[in-house]
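Inside the fold
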Amino acid sequence: MNENAIISTIVYTFLAFTLLAITLILFYYFSNKKITRNLIQKKELEIRYEKDLTHAIIGAQEKERLRIAQDLHDDISSKLSVVSLHIHLLDFDNLEREEYNDLKNKIIHLVNKTAESARQISHDLLPPILEKFGLHAAIDALCSEINLSKTIQVSYSNSLYFAKAEEEKNLHIFRILQELINNSIKHGESSHIQIAFIGKDGKNTCIYKDDGKGFSLDEQTLKGGLGLRNIRSRVELINGTLKMESETNKGITVEFTF
């Protein structure tokens, strides 16, 4: 092989390696750019999801505050106004003994009713039984209270241990059940509800079923209901998973882990 051929081989080899190097550099650049873009998109989705979750939680909090304000105004405030009016009537000098006693009894009755309303609002905010005796006792009491109405029956079974120290998680689970039961009564028009806590696939699981009207599980329905968004938000807060099954006129089955 002559000298020119050797030089040509070296040049072509160099060019081939240069081309390969450029190709590898470009491949790495565009691959890295694509990975970076995917990471940015993923981060944006996470941020958007966190915003939606935060908005749902804030919306639930504001809804609860509005309900409490209405309860205070419509129930307690109105009763106290009547109490105040009756107390002023006691100052009348021309009251007969019977009228005086009647007014006094009405005032005592109204004060007792007001205290009962205050206890109920306090119970709704944080059920004392949940704080004192734990989640199992609180759910059992909730179901018993609903069963007393005779309009809907709730069956409750539990094979799990709820750690009393996990107060925040227990409160979220209790609120999820309250929201589900509220939906079954108000929207589902159910006559029977089943609640079961079991171990499933190595996870603590709650299975909730009702025999109500059910609904179509399209994406718009799931996004539209504040109650469902609140449930999803609370499940996320306890690092759980949520699965719903429902069809029109076939009730609903909700399964969440925690």
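Residues numbered from 1 in each chain as written. Predicted model: local features only at pLDDT ≥ 70, side-chain atom pairs only at ≥ 80, totals over all residues. Heavy atoms only, no water.

**Remarks on the sheet that holds strand β3 (residues 203-210)**
Read from one edge of the open sheet, five strands run β1-β2-β3-β5-β4, paired in mixed fashion. Since the sheet does not close on itself, it has two edges, and those belong to β1 (153-158) and β4 (242-246), each with one partner. Across the sheet, the axes of successive neighbouring strands diverge by a mean angle of 10°, strand direction being ignored. In this structure, β4 lies alongside strand β5 (residues 252-257), joined through five bridges in antiparallel fashion. Following the sheet pairing, E245 is matched in β5 by T253. Against the sheet, helix α4 (residues 135-147) touches β1 and β2 (192-200), its axis set at about 160° to β1. (Pairing = 2+ DSSP bridges. Helix = DSSP H or I, 4+ residues; strand = E, 2+ residues; numbered from the N terminus. Axes fitted to C-alpha atoms, helices over the stretch in contact; angles between N-to-C directions. Contact = heavy atoms within 4.5 Å.)

**Considerations on the confidence of the model for the protein**
When the pLDDT values of the protein are averaged, the result is 81; 85% of them are 70 or greater. Model confidence for the protein, summarised as mean pLDDT per element, is weakest for helix α6 (residues 219-224) at 52 and strongest for β3 at 96. (pLDDT = per-residue confidence, 0-100.)

**Quick notes on the environment of T248**
The topology assignment puts T248 in the loop between β4 and β5. Sequence-wise, T248 and K213 are 35 residues apart; in three dimensions their C-alpha atoms are separated by 5.8 Å. For T248, the contacting residues outside a window of four places in its chain are K213, G214, F215 and S216.

**Some words on the nonpolar core**
In this structure, I139, L177, I195, F197, Y208 and F258 are the most contacted members of the largest nonpolar core, which totals 32 residues. Taken together, the elements giving at least two residues each to this core come down to α4, β1, α5 (167-186), β2, β3, α7 (226-237) and β5. When residues no more than four places from it in sequence are discounted, the contact partners of Y208 are L177, L180, I181, S184, I193, Q194, I195, I252, T253 and V254. (Core = buried A, V, L, I, M, F, W, Y, C linked by side-chain atoms within 4.5 Å. Buried < 20%, exposed > 50% of the residue type's maximum accessible area, 1.4 Å probe, protein only.)

**Focus: the pairing of β5**
Counting buried positions along β5 yields five of six residues, so the element is predominantly enclosed. Strand direction decides the pairing type here: β3 and β5, joined by six bridges, are antiparallel. Bridging from a neighbouring strand, D210 pairs with I252 of β5. In textbook terms, the turn of a hairpin is the stretch between consecutive antiparallel strands, and for β4 and β5 this stretch comprises five residues, one of which, N249, has a positive phi near 65°.

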